[in-house]
Amino acid sequence: MNNLINILKKIIDIVGNLCSLLMVLMILNVFYDVVLRYFFHDVSIAMQELEWHLFAAMFMFGIGYSLKEDAHVRVDVFYDRFSEKRKAIINLVGSIVFALPFSLLLIYFSVGYAYEAYSIGEGSGDPGGLPHRWIIRSVIPVSSIFLIVCIVHVILTQIQNLASKPTLIEGK
């Protein structure tokens, strides 16, 4: 099980690093857009749409990475007071009961959404916008699959935490 956890961790970390790259690209894109707009009095619809697409991809793939890093939003006022065993149980139940079904529903409904954009050759509705809208729409099912990989990592890690012997501090 340790090997599988380590493989999943490496995959998730690679995607997390790609999210960081998307952030840098988005910042450069916004900088370019601002310079173009305020110094040259010109705008690029395609570059503005690219900002949204980069942000959407960074956000969608970042959800799984933040889950793996345990950096997601929750009520820490209560959670911080729990023992490691209780935290593992909460994480396990939350992953299986809430996150996994939500991810599966997201995949189920988004595959057709992305395929429809591909099949009709959907592009931007704005003149000068980006073509191939299916690319950004396909981020939804692909990032949902990635989220399932992250959920599996969390589940295996929490099972491993529950199976390990408690330390003196945890064993109170």
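Residues numbered from 1 in each chain as written. Predicted model: local features only at pLDDT ≥ 70, side-chain atom pairs only at ≥ 80, totals over all residues. Heavy atoms only, no water.

It is worth spelling out the overall build of the protein chain at this point. Helix and strand counts for the protein chain come out as five helices and zero strands. Mapped in sequence order, the helices and strands of the protein chain form the string α-α-α-α-α. By the compact-globule yardstick of 16 Å for 172 residues, the protein chain is too spread out, its C-alpha radius of gyration being 20 Å. Reported as C-alpha extents along the three principal axes, the dimensions of the protein chain are approximately 65 × 40 × 30 Å. In the protein chain, which comprises 172 residues, the proportion classed as buried is 33%. The long-range fraction of contacts in the protein chain, counting pairs at least 24 apart against all pairs at least 6 apart in sequence, stands at 74%. When the accessible surface of the protein chain is summed, it comes to about 11,400 Å², and 70% of that surface belongs to carbon and sulfur atoms. (Helix = DSSP H or I, 4+ residues; strand = E, 2+ residues; numbered from the N terminus. Rg over C-alpha atoms; globule rule 2.2 N^0.38 Å. Buried < 20%, exposed > 50% of the residue type's maximum accessible area, 1.4 Å probe, protein only. Contact = heavy atoms within 4.5 Å. Areas by Shrake-Rupley, 256 points an atom, 1.4 Å probe, with all protein chains shown as cover.)

The next subject is helix H5 (residues 133–163). When the terminal C-alpha atoms of H5 are compared, their 46 Å separation across 31 residues agrees well with the 45 Å that a helix rising 1.5 Å per residue should span. Its maximal kink placed at Val139, H5 deviates by approximately 25 degrees, while the proline Pro141 follows within four residues. (Expected span 1.5 Å × (residues − 1). Bend = angle between axes of the 7 residues up to and from the residue.)

With a phi close to 50 degrees, His41 is a non-glycine residue in the positive phi region. Checked against the element boundaries, His41 lands in the loop between helix H1 (2–40) and helix H2 (45–68). At His132, a residue that is not glycine, the phi angle is positive and equals roughly 60 degrees. Relative to the elements of secondary structure, His132 occurs in the loop between helix H4 (84–119) and H5.

With that settled, consider a nonpolar patch on the surface. There is a patch of nonpolar side chains on the surface, built from Ile14, Leu18, Leu21, Val24, Leu25 and Leu28 and spanning about 550 Å² of accessible area. Within the element layout of this structure, Leu21 appears in helix H1. (Patch = residues over 30% accessible without salt bridge, like charges linked within 9 Å, V, L, I, M, F, W, Y side chains within 5 Å. Salt bridge = Lys/Arg side-chain N within 4 Å of Asp/Glu carboxyl O.)

Attention shifts here to the layout of surface pockets. Within this model, the largest pocket holds a volume of roughly 720 Å³. The wall of the largest pocket is formed by 33 residues, among which Tyr79, Lys87, Ala88, Asn91 and Gln158 lie closest to the centre. Those elements giving two or more residues to the lining of the largest pocket turn out to be H2, H4 and H5. Ranked by the residues each element gives to the lining of the largest pocket, the list is headed by H4, at eleven residues. (1 Å grid on protein atoms, 1.4 Å probe; cavity = no way out; pocket = protein on both sides within 12 Å on 5 of 7 lines; lining within 4 Å. Points joined across faces, edges and corners; volume = space filled by probe spheres on them.)

Moving on to the nonpolar core. Formed by 20 residues in total, the largest nonpolar core has its most connected members in Phe61, Leu67, Val139 and Phe146. Looking at this core, the elements with two or more residues in it are H1, H2 and H5. At eight residues, H5 tops the list of elements feeding residues into this core. (Core = buried A, V, L, I, M, F, W, Y, C linked by side-chain atoms within 4.5 Å.)

Before going further, it helps to spend a moment on H4. The end-to-end C-alpha separation of H4 is 49 Å, in line with the 52 Å expected for 36 residues at 1.5 Å each. By the largest-angle criterion, Ser95 marks the main kink of H4, which is about 40 degrees. For H4, the full list of buried residues reads Lys87, Ala88, Asn91, Leu92, Ser95, Ser103, Ile107, Ser110, Ala114 and Ala117. Residue Gly121 follows H4 closely and has a positive phi angle near 65 degrees.

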